[in-house]
Amino acid sequence: MAHGSCTLGSKRWLVTAAAAMLLVAMPFAATGQPAGVVDATVQTEPPEARRLSEEAADLERQGKYKAASLPAQQALRLREEALGPDHPQVATGLYQLSELYQQMYEFEQGEALARRALTIREKLFGQVHPAVAQSLFGLAKFHSSQSRFAEAESLHRRALSIREKALGPEHSDVGLSLNALAGLYREQGDYPEAERLIRRALAICEKALGPEHAEVAAILNHLFVVNFNQGRFGEGEVLLRRAVATSEKALGPNHPTVARYLNNLTQLFIQQGRYEEGEALLLRSIANLEKAFGAERAAVVSNLGTLGEIYLNQGRYTESEQAFQRFLLARTKAYGPEHPQVSIAQSQLASLYSVQGRFAEAETLLLQAQSIRKKVYGPQHPMVSSALNALALLQARKGNLTAAVEALSQSLDIQERFLRLNLPFGTDAQKLASVTRLQDTTDTTLSLHLQQAPRDTGALRLALTTLLRRKGRVLDALGKSLNAARARLQPEQQPLLDQLVATRSRLANLVFSDASGQSRTAAAALEVEANNLEAKLNQAGAMLQLDSPPVTIDAVQRLLPTDSALVEWVRYRPLDLKIANTNQRWQPSRYAAYVLLPDGTVQAVDLGEAAQLDKEALALRALLGKPETAPGTLKRLSRRLDARWFAPVRKLTGGARHLLVAPDGQINLLPLAALVDERGQHLIERYTFTYLGSGRDLLRLQNLDPPRSGPVLLADPAYDQPGQGLILGKPNSADSNRSGGALRSTDADFARLHVARLGGVVAEAQQLQVLLPGIRTLTGSQASERALKQVHSPALMHIATHGFFFNEGTPEASKPGQPSFVENPLLRTGLALAGFNNRDGGDGEDGVLTALEVSGLDLRGTKLAVLSACDTGVGSVRNGEGVYGLRRALVIAGAQSQLLSLWKVNDWATQKLMQRYYQELLAGVGRSEALRRSQLAALAEDRRAHPAFWAAFVPSGDWRPLGELQALKGNALKPGR
């Protein structure tokens, strides 16, 4: 019995499973009959033919395909002599022998036998019989092996349809057909559809065959390949190790299928730079294959290219070339010169020649590989992109920068198409993995411009285009998919969204109840459940995303305000093309900035190594939030960081007064307004700042949903007894110096934490009710999770309370009571609402509103979300994707602009800042400019001049005036009173 296998190619940025072959065979009984077939003529079969057929089947199960072919041939000859050429037992023998030829890579002979078997069975049984389905299945594999995907898909779909009707949807043969069909989607780069089919196949076969069956191992390995191609290495490794263990138990440790899985495991070791382990594992795999196939066939079946890649990374060029050449020769002989498998071997050998400076030989091989892939897959396949990327690196090594930029541009266009097709599906983590998988080409593009061709206009524009396409891409996709799903959900689908919200609430409640091992296990199960629901919701809204306009420099430039400049910061890894080792060629990360002006001017500047800048930024932010820090010390440090991080950028912004800044790395957590320029002024005195995830946000802000309900104010929750409401009254603080006083933050020890009512919050809520008399107000016990989750699309959402954030840590480093096992960063930050102190907010809620729960709120059309609390703008920083925290959650939920804090803010200073902010908004001032004016007013007061009192809050998203407030405008005090 043959078993399916998938092997991997060698390109780190994107390894498509088209790099190898999916081999899946039907299990058959001792007579060789397909499942579900009863043949009354079996008694007329010559006993010797039956014995030989069983012998062949036994040898096949051991992976001894060549040996098995001899008794299979003899059995077939005896059947033909005794029964005639069109007997069902002859068809069974033909199918058995064709499977063996498939495993031995003798495709022409095998396909002829498979076609003959199909003809006999269709004549005897008709068009819709399990035996016919088996032959269709077998013939489809030959088409797939030769990259004839359309023909293979047609045959697999016919076989699947027959099996579902004849055997039922839960039969193992249906699972095998689904797995094979998934392989076709995988080979063509459609990973979401491939994964959907594989998971369905896995569920069917685990139930029908048991979890330790060899076919289950094959499906697990297939799922690993899909995960690997998407960059989900951790999830994939678990699947692969299970596949290895299962197949070793079912087939024996020396079976060729086990060797194939071990080869895949080697790919993981290469990713981690574990070359010695990878070499030992691969040599064991090759030795096992040589026992089963012989040296020549082992060279085809094994991935000697992987071994050559290990040697290349170790600088063992002679051994690397020998392995690559042997692999290329074997694959060419087995598949013919025009097969994708040959193109992979060509690319691997070219990578060696390129590093050695043998440019002509390398270019010839890469052009051949590219030609093969275009012919087989079409010009837009990821495998073509891989060849183009290799060509770009080769041209860069040759110093031909124009050709390098052109090849890289074509490669990136294909990858952009890949993202547009794949990002609408899957969970947040799966989307992030897809983008992260392409990080190498992002860094290559930036490195080519900044390090090798800083004056090349083509390289400059390609680098900025890549940033606009990829920075914040996952956040953009998540927001669109969830809102699209909400917009198009049918009534019968609404429970999906309700289940997701409820599951996330249960997860959050569990996380903050205790940090025991039992909670850890339960939380993991809830994470899986939530991810599955999220993936289904994304799929419900996915097709709407495909209509998104392409992201180009010109499209973004046209949307820039006349007095503005877009600043795209980026943290990137320079590429040293002289180093062969794929893990060592990346140099220490650096920062750079790209500036786009309204007239279309694009400029860039490299800002130096990232490590020192990150260190200084974190240190300054910590001091900015402490009122006790001497103003002179702050000014000196702020000036130094400005000189290194912002002054070089300032030279490129022209006369812009409004800076649309898209940070990266630790710049996300730095209030640029607090930096000090060469004239001794805070930057807030020169510029209005608006924070963006990326310049691509400007495109999203052009087509905004209208709000569906009025503004909402949630403030002054009843932290102790949610059943007893609190009435807004006079502030309960006796502190006369209101620049001091309480902080709107929690302690990180959640097990024992109790928070107190905040006087500034009480006053803030009262003032907003005066300024906006029509605002819906939730206070006391009404300021609850349940009440907030029932709000839909408010024009404005203002929440004033305590906020919290705690860093990811280890159990050993965590404080008592801190849920350190939480991996999801959206569970490590949030707000305290009614019932927080007792962890009982009523209706099954715990009074702890995490960012994960915020992401499930319905804020479509919400023009502004203000979180007037501590640490609402911080979180886990991920390069290229911003901060995983409350801002991200609000964007996913649909809020069009946000105002959040970067440290623990003073209660009374925040109340004053918010009062002035809303006065400015009601006067028709834009959202970002309103904050600037409010901060300048604080800076002008001696007691609030310290940055700790005014610089924490940063505006992000839409900066324009908030017209929706005018209808609620009350007897607003004029700004400045």
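What this report covers is the structure whose coordinates are included nearby. Remember, predicted model here, so these are calculated numbers, not experimental data.

Description of the overall build of the protein chain
Logical step 1: When its secondary structure is counted, the protein chain shows 36 helices and 16 strands.
Logical step 2: Among the 977 residues that make up the protein chain, the fraction classed as buried is 64%.
Logical step 3: In the protein chain, the share of contacts with a sequence separation of at least 24, taken over all contacts with a separation of at least 6, comes to 76%.
Logical step 4: Summed over its atoms, the accessible surface of the protein chain is roughly 34,100 Å², and 52% of this surface lies on carbon and sulfur atoms.

What about helix 22 (residues 457-470)?
Logical step 1: Here helix 22 spans 20 Å end to end across 14 residues, near enough to the 20 Å set by a 1.5 Å rise per residue.
Logical step 2: In terms of residue burial, helix 22 counts as a mostly covered element, since 11 of its 14 residues are buried.
Logical step 3: Looking at helix 22, one finds that the buried residues are Ala-459, Leu-460, Leu-462, Ala-463, Leu-464, Thr-465, Thr-466, Leu-467, Leu-468, Arg-469 and Arg-470.
Logical step 4: Structurally, the start of helix 22 carries an N-cap: the backbone nitrogen of Gly-458 is 2.9 Å from a side-chain oxygen of Asp-456.

Some details on the packing of aromatic side chains
The geometry of an aromatic ring pair comes down to the distance between the two centres and the angle between the two planes.
Logical step 1: All chains considered together, the criterion is met by eight aromatic pairs.
Logical step 2: With a centroid separation of 5.6 Å and 55 degrees between ring planes, the pair formed by Phe-224 and Phe-228 is classed as tilted. Here Phe-224 and its partner Phe-228 are both found in helix 9 (residues 214-229), four residues apart, which amounts to about one turn of the helix. You'll find Phe-224 and Phe-228 in the same group, each marked buried.

Quick look at the nonpolar core
Logical step 1: Counting residues in each nonpolar core, the largest one holds 103 residues, and the members touching the most others are Leu-788, Met-797 and Leu-890.
Logical step 2: The biggest single contributor to this core is helix 9, with 10 residues.
Logical step 3: Leu-613, Val-649, Ala-765 and Val-905 belong to the second-largest nonpolar core, a separate cluster that totals 74 residues.

Topic: the pairing of strand 15 (residues 897-901)
Logical step 1: With five of five residues buried, strand 15 lies mostly within the body of the structure.
Logical step 2: Residue alternation in strand 15 divides its side chains into two sets, Ser-897, Leu-899 and Ser-901 and Gln-898 and Leu-900, and both sets are buried.
Logical step 3: Sheet topology note: the strand 12 (residues 864-868)/strand 15 ladder contains two bridges and is parallel. Directly across from Val-866, in strand 15, lies its bridge partner Leu-899.
Logical step 4: For strand 15 and strand 16 (residues 953-957), the ladder comprises five bridges, and the chain directions are antiparallel.

So, the pattern of salt bridges
Logical step 1: With the rule as written, the count across this model stands at 59 salt bridges.
Logical step 2: Close ionic contact of Arg-51 with Glu-55 constitutes a salt bridge, the shortest N to O distance being 3.3 Å. Of this pair, Arg-51 and Glu-55 both sit in helix 1 (residues 47-61), separated by four residues, roughly a single helical turn.
Logical step 3: As a salt-bridge pair, Arg-888 and Glu-881 come within 3.2 Å of each other at their nearest N and O atoms.
Logical step 4: Judged by relative accessible area, which is 5%, Glu-881 ranks as buried.

Describing the environment of Arg-232
Logical step 1: Mapped onto the fold, Arg-232 is located in the loop between helix 9 and helix 10 (233-251).
Logical step 2: When its relative accessible area of 6% is taken as the criterion, Arg-232 is described as buried.

A look at the sheet that holds strand 10 (residues 829-832)
Logical step 1: Across the sheet, three strands lie side by side as 9-10-11; this open sheet has antiparallel pairing. The sheet terminates laterally at strand 9 (803-805) and strand 11 (848-850), the two strands that pair on one side only. Sheet twist, expressed as the mean angle between neighbouring strand axes with direction ignored, is 30 degrees.
Logical step 2: In this structure, strand 9 lies alongside strand 10, joined through three bridges in antiparallel fashion. Bridging across to strand 10, Gly-803 finds its partner in Leu-831.

Comments concerning empty space enclosed by the protein
Logical step 1: Within the structure shown, the criterion is met by 10 cavities of 30 Å³ or more.
Logical step 2: By volume, the second largest cavity amounts to about 320 Å³.
Logical step 3: In this structure, the second largest cavity is lined by 26 residues; those nearest its centre are Asn-668, Leu-692, Gly-882, Val-883 and Arg-887.
Logical step 4: Broken down by secondary-structure element, the contributors of at least two residues to the lining of the second largest cavity are helix 23 (473-488), helix 29 (697-700), strand 14 (882-885), helix 33 (886-893) and strand 16.
Logical step 5: If one sorts the elements of the lining of the second largest cavity by residue count, helix 33 sits on top with four residues.
Logical step 6: When the residues that make up the lining of the second largest cavity are grouped by side-chain class, the tally is 11 nonpolar, eight polar and seven charged.

Focus on the packing of helix 8 (residues 191-209) against helix 9
In helix packing, the relevant descriptors are the interaxial angle and the interaxial distance, both defined with respect to the helix axes.
Logical step 1: Across the interface, helix 8 lies against helix 9 with an axial gap of 9 Å and an inter-helix angle of 160 degrees. By the criterion of interaxial angle, the relationship of helix 8 to helix 9 is roughly antiparallel. Note on packing geometry: the crossing formed by helix 8 with helix 9 is left-handed. Packed against helix 8, whose contacting residues are Tyr-191, Ala-194, Glu-195, Ile-198, Arg-199, Ala-201, Leu-202, Cys-205, Glu-206 and Leu-209, the element helix 9 presents Glu-215, Val-216, Ile-219, Leu-220, His-222, Leu-223, Val-226, Asn-227 and Asn-229 at the interface.
Logical step 2: Here the contact of helix 8 with helix 9 is composed, by residue class, of 12 nonpolar, three polar and four charged.

Side note on the side chain of Arg-470
Logical step 1: Its location among the elements puts Arg-470 in helix 22.
Logical step 2: One buried charged residue, Arg-470, remains without a salt bridge, the closest side chain of opposite sign being Glu-416 at 5.5 Å.
Logical step 3: A polar contact of 3.0 Å, which involves the side chain of Arg-470, links it to the side chain of Thr-441.

What counts, and at which threshold
- Residues numbered from 1 in each chain as written.
- Predicted model: local features only at pLDDT ≥ 70, side-chain atom pairs only at ≥ 80, totals over all residues.
- Heavy atoms only, no water.
- Helix = DSSP H or I, 4+ residues; strand = E, 2+ residues; numbered from the N terminus.
- Buried < 20%, exposed > 50% of the residue type's maximum accessible area, 1.4 Å probe, protein only.
- Contact = heavy atoms within 4.5 Å.
- Areas by Shrake-Rupley, 256 points an atom, 1.4 Å probe, with all protein chains shown as cover.
- Expected span 1.5 Å × (residues − 1).
- Polar contact = N/O pair within 3.5 Å; in protein donor to acceptor, adjacent residues only side chain to side chain.
- Phe/Tyr/Trp six-rings, centres within 6.5 Å; stacked < 30°, edge-to-face > 60°.
- Core = buried A, V, L, I, M, F, W, Y, C linked by side-chain atoms within 4.5 Å.
- Pairing = 2+ DSSP bridges.
- Salt bridge = Lys/Arg side-chain N within 4 Å of Asp/Glu carboxyl O.
- Axes fitted to C-alpha atoms, helices over the stretch in contact; angles between N-to-C directions.
- 1 Å grid on protein atoms, 1.4 Å probe; cavity = no way out; pocket = protein on both sides within 12 Å on 5 of 7 lines; lining within 4 Å.
- Points joined across faces, edges and corners; volume = space filled by probe spheres on them.
- Nonpolar A, V, L, I, M, F, W, Y, C, P; charged D, E, K, R; others polar.
- Parallel < 35°, antiparallel > 145°, perpendicular 65-115°, else oblique.
- Left-handed = near helix turned anticlockwise from the far one by under 90°.
- Lys, Arg positive; Asp, Glu negative; His and termini not counted.

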